[in-house]
Amino acid sequence: MDPESPNTVDAYLDRIGARRPARPDAAALRELQLRHLTAVPFENLSVHRAEDIVLDEKALLDKVVGDRRGGFCYELNGAFAALLRALGFRVSLLQARVHGDGGRLGIPYDHLALRVGTDDGTGPWLADVGFGDHAHHPLVLGDRTDQEDPRGTFRIRRATDPTDGDGGMAGDGATAALGTATADAVTAAAGDLDVLRDGTPQFRLDQRPRALADFRAGAWYHSTSPDSHFTRSLVCSRLTDEGRVTLSGRTLVMTVRGERHEVPLATDTQVLTAYREHFGLRPDRVPTVRATAFFGRND
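Residues numbered from 1 in each chain as written. Predicted model: local features only at pLDDT ≥ 70, side-chain atom pairs only at ≥ 80, totals over all residues. Heavy atoms only, no water.

*Asks:* Please give an account of the sheet that holds strand 5 (residues 139-140) that cites residues and values.
*Replies:* If you trace the eight strands from one edge of the open sheet to the other, you get 5-4-3-2-9-8-7-6, paired in antiparallel fashion. This sheet does not close on itself; its edge strands, each paired only once, are strand 5 and strand 6 (147-149). The pairing of strand 7 (residues 152-158) with strand 8 (residues 193-197) spans five bridges and is classified as antiparallel. Looking at strand 8, one finds that Phe-154 is bridged to Arg-197. (Pairing = 2+ DSSP bridges. Helix = DSSP H or I, 4+ residues; strand = E, 2+ residues; numbered from the N terminus.)

Spelled out as C-alpha cells, the structure:
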C-alpha cells in the first residue's frame, strides 16, 4: 500500500475504527493510539511461520492494513509512524533497549518507539503501540514527573548508569552477535531516558532519530535467536474496553477489570476460533513454536 495515498490513510483509519482528525494535535494523537491498541494485536506469528519481517513502510502497511494482521514493535510502530506522518504529525523513530531480568538491558535496537510532535504547542510526545501491555496514552517526553495512565503511573527520567549492573556494558553478547550492523548501538547514557511504570524500568530510550532500516538487525535478532523471548513462545494480545485479551499458545487469557481468567483451548478448532473472534486473524493452521538454530543459547 502506498503510504502517501489518501486511500491508504482512509483504509488505515477504518482498520482502527478512527475518524480522520481535524488537526494533528495532542487529542487526536491520544485517540489514535488508543484506537490502535484496541484494534491491532501485538503478535509474533510471523516469527513462527517463517515469514520475513520486512521493515519497509509499504510492506508494513500491506500487513497491518491490507492483510489486517498485527506484529511486534518494529512493525506496529513503523506502520503507525507512516499513518501519523500522513495525518500531519511530526514523527521520529527512536531506538530503545528493554530492561530485562535483574535490570539487565537488552540488545541495541531492542524496541522501536515514536517521538511525535503536534501542532498545538504540547509535547513532544512518546507514542507507542508496540510494547504490549504498556501505556494506553502517549506520554509527555519532556516531563520528569509522574504521569498517570490507566495502565499505571509512568515516569520518564534521565538514565544515569550505562552499565548493565555486572560491571560490563549491557548486552555485550547480543551486540557481538549482531556484528557491524550495530556499530553505534552501545552508547553512553548521556541523553538517554529510562521509561518506568510503577517504579519499574521498562526500557531505555535513545533520543537520536533513526531510520526504519536501522532496526533491521534488531528485528532479525528477535525473529531468529533462541535468546529472544519472541522465538520461545507464541503471543497474540490486544487491549480491550475492559482489560486485555491474550492468546498464548493454547491458553486464552481474559483480563476483565483487573481479574484474570485463563481458558485452556483443547482443540485446533477452538484455537483458530479464538484467533478469529478476538483478534480478527485467520491463520490457515494452528501456529506452533518454531525451532530456531541461528545461535546457541546465551543463558
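Right, picking up where we left off after that structure.
*Asks:* Help me get a handle on the pattern of salt bridges, residues and values and all.
*Replies:* Under the criterion given, the structure shown has 20 salt bridges. Between Arg-85 and Glu-57 there is a salt bridge; the shortest N-O distance is 3.1 Å. Of this pair, Arg-85 sits in helix 5 (residues 73-86) while Glu-57 sits in helix 4 (residues 57-66), and the two are 28 residues apart along the sequence. Note that Glu-75 and Lys-63 form a salt bridge whose closest N and O atoms lie 2.6 Å from each other. (Salt bridge = Lys/Arg side-chain N within 4 Å of Asp/Glu carboxyl O.)

*Asks:* Tell me about helix 9 (residues 268-279), residues and numbers included.
*Replies:* The terminal C-alpha atoms of helix 9 lie 16 Å apart, and with 12 residues this matches the ideal 16 Å at 1.5 Å per residue to within 8%. Those residues of helix 9 that sit buried are Val-271, Ala-274, Tyr-275, His-278 and Phe-279. Angular distribution of buried residues about the axis of helix 9 spans 100°; they occupy a single face of the element. Helix 9 presents Thr-269 and Glu-277 as exposed residues on the side facing more than 90 degrees away from its buried surface. (Expected span 1.5 Å × (residues − 1). Buried < 20%, exposed > 50% of the residue type's maximum accessible area, 1.4 Å probe, protein only. Arc of directions from axis to C-beta.)

Such coordinate-based values are descriptive only and should not be taken to indicate function.
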